Amino acid sequence: MSPTSPASPKKHRPAPTRRLTTAQALVAFLARQYTERDGRRQRLISATWGIFGHGNVAGIGQALVEAGHGGNGTAHRMPYLQGRNEQAMVHAAVGYARQSGRLSAHAVTTSIGPGATNLVTGAALATINRLPVLLLPGDTFATRPADPVLQQLEVPYAGDVSVNDCLRPVSRYFDRVTRPEALIPAALQAMRVLADPAETGAVTLALPQDVQAEAYDWPEEFFAERDWHIRRPAPDTYELETAVRAIRSARRPLIVAGGGVRHSAAEETLAAFTAATRIPAASTQAGKGALRHDHPADVGGIGHTGTATANELARTADLVIGVGTRFSDFTTASGTLFADPAVRFLHLNITAFDAHKLAALPLVADARAGLEALTAALAGRGYRVDPAYETEYTGAKEAWEERVEASFATPDPAARPTQTQVLGLLDDLVTEDDILINAAGSLPGDLHKLWRTRSRDQYHVEYGYSCMGYEIPAAIGVLLATGARSRERRPVWALVGDGTYLMNPTEIVTAVQENLPLKLLILQNHGYASIGGLSESVGAERFGTAYRHRDPDGGFTGPPLPVDLAANAASLGLRVLRATTVDDLRKALSEARDAEGPTCVYVETETPDTVSGPPPAQAWWDVPVAETASRPAAVKAREEYDRQVAARRRHL
């Protein structure tokens, strides 16, 4: 070619591709996603739970076989976990995500129809608690070769609706992948939401069963390792200065620590902030453990299930500093707790939605970054609460500790223990290594008021959705996150009542299959104790809350049902230790803690009518009472309700 000849055009080289089914491509993509925060890198999706049916067995199921045993190398394998109930699989994934600090999550795959709809409760729990889980339900055919197919919901007014649409309101992101190439943007958006600390929750990718098995030439770039950086947004300068002025002008400030402290790993930063300012810190259910129970500034749980110490401080606080909390009605005592007429709120939260609640001064930031900024800004301005205020709350804390000791006391080793005495025996046994998991019933109230939390992750009570049946599968997720198969095993306790146990015991089989050292503590009290007490307080006379034979009048006041939960747990493969007395229970708990395999401790508890019980609720909770009734119990309950509701206020 002569120097003056035009240059020959370069031949276009097509980007390299890989031919895979949609399901194979999704699993390969998920195995290459990572999160990074503070220099720590981990898999975003570290395993997939699954129960297979016709809607996912040939797609995701076949892809998991290849991902678990193929030639991609151990770094990009996708471990599979076998569940027994779809809702329970989501609970296990949520337990894993919480224990992993929201930096790593699990996926959950199901078939179409009932398998998919069983995900809804777990998805709601994940989203309400702001915890990441990836849901991969099968869906009906995108190409509609037969209509309807097995388990298809027919909607006369819309051809593109399936039962998976039930997951839309409980998901932070939802997409239905009706073409293979549509997976690329959908998968990227799914990862973005899962890894976003302000947006995270349940994410759903509905996968039509024909699309799962359809092949496509995927760009190799789709399978490159990708890091999702977990942000720590710092506070806005104006909001920070406003917050500092509010704190400096406060005489009786109170911190309310929520789950955001834990998600941000801001416990040490909170401790440093309280050390500098001497501001007391109360905690929500999700925030308990933000400070150790013996930290000078820790005043215990707040709200309806809180301590007298924290709630009295809340009633007289002139500035409430929320850190990573969404201020549920249990925390605010249904709008009756923060009683000072001039009380103001300052909310440090990573989401603006939560930061503006209760007409608060917002400080939109990561909890750790926000506390660091507040500590630094206050350091040179000499702020510290009045010593008399510090003396007041430390003295109140000591008085409350005496009530805890009285509740835990076991004067008769041959007697049947009460529920609070069970907790006291466990309190004597555990160290900072132990993790306690609970979610519903009367236990959350007793734990929030009484439990002495020894480490940042010891207290694991799911109270955003308060879902019965969460505890056992969540404990499995926590065990997987803590490296239960390693030498340094942490004792993980699932605390359940008989009502909760009957809701969802199926994952006991999974714990046995995986030989996970689950410590299951079953407290048998023959019914729904928490709701029974609530029923009595609102004039419903404990109707329908006891597990007893029907009486001649149609009620349920006969003898307790002859249900043997210990035998049931043993039939599912657990080693079971039965305890009938305080002394029996002390020995059984110690034996279970040392056990190498999954173990159950079963105890029938005594009602606290004649022996020490938990302190009553230290703040109100709004459960509306019948405005008109003929039965005296309801009439009396309404009078008390009207008295309490008169104290409710809106903070505007």
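Structure's up top.
Residues numbered from 1 in each chain as written. Predicted model: local features only at pLDDT ≥ 70, side-chain atom pairs only at ≥ 80, totals over all residues. Heavy atoms only, no water.

Caption draft 1: Looking closely at the overall build of the protein chain. The helix and strand tally for the protein chain stands at 24 helices and 23 strands. Relative to the globule expectation of 26 Å for 652 residues, the C-alpha radius of gyration of the protein chain, 27 Å, shows essentially globular dimensions. Its C-alpha atoms give the protein chain principal-axis dimensions of about 100 × 70 × 55 Å. Counting over 652 residues, the protein chain shows a buried share of 56%. Across the protein chain, every contact between residues at least 6 apart in sequence was considered, and the portion connecting residues at least 24 apart equals 77%. Entry remark: accessible area of the protein chain is about 27200 Å², with carbon and sulfur atoms responsible for 53%. In the protein chain, the 66 positive side-chain charges and the 73 negative ones have mean positions that sit 5 Å from each other. (Helix = DSSP H or I, 4+ residues; strand = E, 2+ residues; numbered from the N terminus. Rg over C-alpha atoms; globule rule 2.2 N^0.38 Å. Buried < 20%, exposed > 50% of the residue type's maximum accessible area, 1.4 Å probe, protein only. Contact = heavy atoms within 4.5 Å. Areas by Shrake-Rupley, 256 points an atom, 1.4 Å probe, with all protein chains shown as cover. Lys, Arg positive; Asp, Glu negative; His and termini not counted. Charge placed at Lys NZ, Arg CZ, Asp CG, Glu CD.)

Caption draft 2: Seen up close, empty space enclosed by the protein. According to the stated counting rule, one finds three cavities of 30 Å³ or more in the structure shown. When its volume is computed, the largest cavity comes out at roughly 60 Å³. Along the walls of the largest cavity sit Arg37, Gly101, Arg102, Leu103, Leu194, Ala195, Asp196, Pro197, Thr200, Ile230 and His263, which together make up its complete lining. Broken down by class, the residue content of the lining of the largest cavity amounts to five nonpolar, three polar and three charged. (1 Å grid on protein atoms, 1.4 Å probe; cavity = no way out; pocket = protein on both sides within 12 Å on 5 of 7 lines; lining within 4 Å. Points joined across faces, edges and corners; volume = space filled by probe spheres on them. Nonpolar A, V, L, I, M, F, W, Y, C, P; charged D, E, K, R; others polar.)

Caption draft 3: View of the environment of Ala224. Along the chain, Ala224 falls in the loop between β10 (215–219) and β11 (226–229). Sequence separation of Ala224 and Arg575 is 351 residues, and the distance between their C-alpha atoms is 45 Å. When neighbours within four sequence positions are excluded, Ala224 is seen to be in contact with Arg32 and Gln33.

Caption draft 4: Examining the sheet that holds strand β13 (residues 281–283) more closely. Overall, parallel pairing links the six strands, which are arranged β14-β13-β12-β15-β16-β17 in an open sheet. Both edges of this open sheet fall to β14 (298–301) and β17 (361–364), since each of them pairs with a single strand only. Sheet twist, expressed as the mean angle between neighbouring strand axes with direction ignored, is 20°. By the bridge criterion, three bridges tie strand β12 (residues 253–257) to β13 in an arrangement that is parallel. (Pairing = 2+ DSSP bridges. Axes fitted to C-alpha atoms, helices over the stretch in contact; angles between N-to-C directions.)

Caption draft 5: Up close: the sheet that holds strand β22 (residues 575–579). Spatially, the six strands line up as an open sheet ordered β19-β18-β20-β21-β23-β22, and their pairing is parallel. With one partner strand each, in any of the chains shown, β19 (459–461) and β22 form the two edges of the open sheet. The mean angle between the axes of side-by-side strands here comes to 20°, regardless of whether they run parallel or antiparallel. Here five bridges tie β22 to strand β23 (residues 599–604), and the two strands are oriented parallel to one another. Bridging across to β23, Ala579 finds its partner in Val603. Sheet strands touched by helix α18 (residues 471–481): β18 (435–438), β19, β20 (492–497) and β21 (518–524). Its angle to β20, the strand with the most contacts, is close to 175°.

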